[in-house]
Amino acid sequence: TGDEMSGQSQRSPKRLKHRICSIVTFPATPIDVSNGISMIDLYSVPTANGQRVHIMLEETGLPYEPHFVNLRGGEHLEKSFLDKNPFGRVPAIVDNDGPNGEPISVFEGHAILAYLAEKSGQLYPDDLGVRTQINIWMSAVSANLGPAFAAQFWFTTLAPERSDMAIERYIS
């Protein structure tokens, strides 16, 4: 049904908006884990790729703690981060309660979204046709839109020298 596909959430838009803002401002509002629930660590920055994973974690209700990765400071190139993602890119997650109760690192937006859907049992129905459509669109975003947004972010925010031609290409 449409409700199964949309993954209608019981969480209020106001709460979601607050949580999304918190990843931008870091550190996020602490999450009470005194009940012993294992936490997923999200390593990210406030870009489209990072927000996509952040939103998925909110929608599934899985407990998580966001960690800002300082790209300008080269934190993504340090061994501690490369152990999470050997490509040195964000986002990445570490699920401390992964398969067989063992921690697992998951990187690449599409892989993270699929993993979280599988883990939570939400937003990824059993119907092969529907799952195929989900995979098609996640792949299209990952292969086409994601790189364009990443390039736009690089040229407008991180590049050591301004390139009007590059900015024009990705903004216009």
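Structural data are supplied above this passage.
**A few points about the sheet that holds strand 3 (residues 92-95)**
Phase 1 of the analysis: Taken in spatial order, the four strands line up as 2-1-3-4 in an open sheet, and their pairing is mixed. Edge positions in the sheet fall to strand 2 (64-68) and strand 4 (104-107), since each of these pairs with one other strand and no more. Sheet twist, expressed as the mean angle between neighbouring strand axes with direction ignored, is 20 degrees.
Phase 2 of the analysis: The strands touched by helix 3 (residues 48-60) within the sheet are strand 1 (40-44), strand 2 and strand 3, with strand 1 carrying the most contacts at an inclination of about 160 degrees.
Phase 3 of the analysis: Against the sheet, helix 5 (residues 109-120) makes contact with strand 1, strand 3 and strand 4, and its axis sits at roughly 130 degrees relative to strand 4, the strand it touches most.

**Quick look at the environment of isoleucine 104**
Phase 1 of the analysis: For isoleucine 104, the location among the structural elements is in strand 4.
Phase 2 of the analysis: Isoleucine 104 sits in the partly exposed class, given a relative accessible area of 28%.
Phase 3 of the analysis: When neighbours within four sequence positions are excluded, isoleucine 104 is seen to be in contact with Ile93, Val94, Asp95, Gly98, Pro99 and Tyr115.

**Looking at the pattern of salt bridges**
Phase 1 of the analysis: Evaluated as defined, the whole model comprises four salt bridges.
Phase 2 of the analysis: For the salt bridge of aspartate 95 with lysine 119, the shortest nitrogen-to-oxygen distance reads 2.9 Å. Pair noted here: aspartate 95 is in strand 3 and lysine 119 is in helix 5, with a separation of 24 residues, a long-range link.
Phase 3 of the analysis: Two residues, aspartate 164 and arginine 162, come together in a salt bridge whose shortest N-O distance is 2.8 Å.

**A few points about the pairing of strand 1**
Phase 1 of the analysis: Within strand 1, five of the five residues are buried, leaving the element largely enclosed by the surrounding structure.
Phase 2 of the analysis: What you see with strand 1 is no split at all: Ile40, Leu42 and Ser44 on one side and Asp41 and Tyr43 on the other are buried throughout.
Phase 3 of the analysis: Bridging between strand 1 and strand 2 involves five bridges; their strand directions are parallel. The partner of tyrosine 43 across the bridge, within strand 2, is histidine 67.
Phase 4 of the analysis: For the crossover that starts at strand 1, traverses helix 3 and ends in the parallel strand 2, the hand is right-handed.
Phase 5 of the analysis: Where strand 1 meets strand 3, four bridges bridge the pair, whose relative direction is antiparallel.

**Things to note about the packing of aromatic side chains**
Phase 1 of the analysis: Counted according to the given criterion, the structure contains two aromatic pairs.
Phase 2 of the analysis: When the centroid spacing of 6.5 Å and the interplanar angle of 75 degrees are considered together, the rings of tyrosine 43 and phenylalanine 81 count as edge-to-face. Of this pair, tyrosine 43 sits in strand 1 while phenylalanine 81 sits in helix 4 (residues 79-82); the two residues are 38 residues apart in sequence, bridging distant segments of the chain. Here the two residues tyrosine 43 and phenylalanine 81 agree in accessibility, since each one is buried.
Phase 3 of the analysis: Aromatic side chains phenylalanine 87 and phenylalanine 107 sit 6.0 Å apart centroid to centroid with 65 degrees between the ring planes, which places their arrangement in the edge-to-face category. Highlighted residues: phenylalanine 87 in the loop between helix 4 and strand 3 and phenylalanine 107 in strand 4, separated in sequence by 20 residues.
Phase 4 of the analysis: Judged by its relative accessible area of 60%, phenylalanine 87 is exposed.

**Remarks on the packing of helix 6 (residues 128-158) against helix 7 (residues 164-171)**
Phase 1 of the analysis: The interhelical angle for the contact between helix 6 and helix 7, taken along N-to-C directions, is 145 degrees, at an axis separation of 9 Å. The interaxial crossing formed by helix 6 with helix 7 has left-handed handedness. Along the contact surface, helix 6 presents Ala148, Ala151, Gln152, Phe155 and Thr156, while helix 7 presents Ala166, Ile167, Tyr170 and Ile171.
Phase 2 of the analysis: Here the contact of helix 6 with helix 7 is composed, by residue class, of seven nonpolar, two polar and no charged.

The rules behind the values
- Residues numbered from 1 in each chain as written.
- Predicted model: local features only at pLDDT ≥ 70, side-chain atom pairs only at ≥ 80, totals over all residues.
- Heavy atoms only, no water.
- Pairing = 2+ DSSP bridges.
- Helix = DSSP H or I, 4+ residues; strand = E, 2+ residues; numbered from the N terminus.
- Axes fitted to C-alpha atoms, helices over the stretch in contact; angles between N-to-C directions.
- Contact = heavy atoms within 4.5 Å.
- Buried < 20%, exposed > 50% of the residue type's maximum accessible area, 1.4 Å probe, protein only.
- Salt bridge = Lys/Arg side-chain N within 4 Å of Asp/Glu carboxyl O.
- Right-handed = clockwise from strand over helix to strand, strands pointing away.
- Phe/Tyr/Trp six-rings, centres within 6.5 Å; stacked < 30°, edge-to-face > 60°.
- Left-handed = near helix turned anticlockwise from the far one by under 90°.
- Nonpolar A, V, L, I, M, F, W, Y, C, P; charged D, E, K, R; others polar.

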